[in-house]
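# Structural characterization, general
Here's the letter readout for the chains.
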Amino acid sequence: MPITQQVTELPAPPSDSEVDAWRSVLAAARGLDLPQLPPPTTAEVAGRLRVPPARGRAVHWATDGGVASLILFTDGSNEHTAHLDELAVRPDARRRGAGTALWQRVREELLAQGRTSVSAEVDLGGPGEAFARSLGFENLLPMGWYAQDVPAASAERARTGPPALAPGYELHCWPGLIPDAWARAAAVAHGSMDDAPSGDLDQRIQTWSAERLHAAHRLILARGGAVTTVAAVTPQGEVAAYTELVLPDPAGERALQYDTVVTPGHRGHGLGRAVKLRMLAEAAARHPSLRRIDTSVADENTPMLAVNAALGYRRERAAGYFQLTLRPSS
């Protein structure tokens, strides 16, 4: 019989012991559900719990063996929706009501804040998908997680040499914040992602600006992470393509490939491959502990899937961007 669970909201900021307890839940859950991934580091978890997101307000809850994080958007366009950033239960605490108690507290907060929908990124085929579907979540954007082995990819690049860059372009690398002189052009290029697959998700696309781009990167740095942008630029001052790499913990084994964009007028010149290869070289040189780069790609984004396949990314697991429409009685 499920045990009644007490759900506690974490204070802001949480103590070291609360961060350690949160990390232990995530490490245990990941160890069973995603054993191919390294456990989250203390620095990574502390950054996410202690530094609020740029687009909204985060609320964190814990119960005996479980944790949950909710992001309530306050960006001026998405106050009707929210994102369930985390809901994890330690394996030895499962089927005892922890997940249900956490979800009930999340749902209460959503309704109290007038939210009509909530999204979540869910791995398919495991307990997370089963739980999400039992609550009424639907998979609106099927996608996959892809992984690249950094030492192996670096050795292959050393063997083949750097690729030729199409005439008329130059590669720039910007660790940390993008320089002010290029931030506006990078924001314009970022807006080209508006044509990327997004399913029928209830989030409204915001216009990118230099200020918003800098705010997103400052958040990564404030949380103790590292971000690097590699861009293909033109003599006219355009950012024709770019890619972003984020290390939640610069001393950790794992990095996340964030956005990779080639603007419409510059597609077909191999720029996506060029910026990713340059990024691989930069990452290997700057972060000797790095062992893998993970990225997610929508199943219908065939151009990026082709680029990743050519660079040696392997599909590791299926996932989806799920969404639930909230009703007071649901």
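This structure is a prediction, so every number in the text was calculated from the model and none was measured.

## Side note on helix 7 (residues 210–222)
Taking 1.5 Å per residue, 13 residues should reach 18 Å; helix 7 reaches 18 Å between its end C-alpha atoms and fits that length. Along helix 7, the residues classified as buried are Ala 210, Leu 213, His 214, His 217, Leu 219 and Ile 220. The secondary structure elements touched by the buried residues of helix 7 are helix 6 (180–190), strand 8 (226–233), strand 9 (239–247) and strand 10 (254–262).

## Some points on unusual backbone geometry
For residues that are not glycine, phi is negative in most cases, and the peptide bond is trans in most cases. Each neighbour pair has its own omega, and for Ala 12 with Pro 13 the value is 0°, a cis peptide bond. With respect to the secondary-structure elements, Pro 13 resides in the loop between strand 1 (8–9) and helix 1 (16–33). Its identity as a non-glycine residue notwithstanding, Arg 95 has a phi of 65°, on the positive side. Looking at the element boundaries, Arg 95 is found in the loop between strand 4 (81–89) and helix 3 (98–112). Classification of Arg 95 as exposed rests on a relative accessible area of 85%.

## A look at the sheet that holds strand 11 (residues 292–298)
One key point about sheets: their strands pair by backbone hydrogen bonds, in either a parallel or an antiparallel sense. Overall, mixed pairing links the 12 strands, which are arranged 1-2-3-4-5-12-6-11-10-9-8-7 in an open sheet. In this open sheet, the two edge strands, each paired with only one partner strand, are strand 1 and strand 7 (170–175). Strand direction decides the pairing type here: strand 2 (residues 56–63) and strand 3 (residues 66–73), joined by 8 bridges, are antiparallel. Along strand 3, the bridge assignment pairs His 60 with Ser 69. Sitting on the sheet, helix 9 (residues 302–310) touches strand 6 (138–149), strand 10 and strand 11, and the angle it makes with strand 11 is about 155°.

Thresholds applied
The residue count restarts for each chain, going from 1 along the sequence in the order it is written. Confidence filtering applies because this is a predicted model: local features only for residues at pLDDT of at least 70, side-chain atom pairs given and counted only at 80 or more, and all residues used for totals across whole chains, interfaces and linings. Where side-chain values are given, they derive from all heavy atoms of the structure, hydrogens and water being excluded. Helix and strand definitions here come from DSSP, where helices need a minimum of 4 consecutive H or I residues and strands a minimum of 2 consecutive E residues; each element is numbered from the N-terminal end. Helix span, expected: 1.5 Å multiplied by one less than the number of residues in the helix. Under the scheme applied here, a residue whose accessible area is under 20% of the maximum for its type counts as buried, over 50% as exposed, and between as partly exposed, the area being computed with a 1.4 Å probe on protein chains only. Residue contacts are defined here by distance: any two heavy atoms, one from each residue, within 4.5 Å place the two residues in contact. For two strands to pair, DSSP has to find at least two bridges joining them. Every axis in this analysis is a line fitted to C-alpha atoms, fitted for helices over the stretch in contact. Angles between the N-to-C directions lie between 0 and 180 degrees.

The values reported here are purely geometric and, on their own, carry no functional implication.
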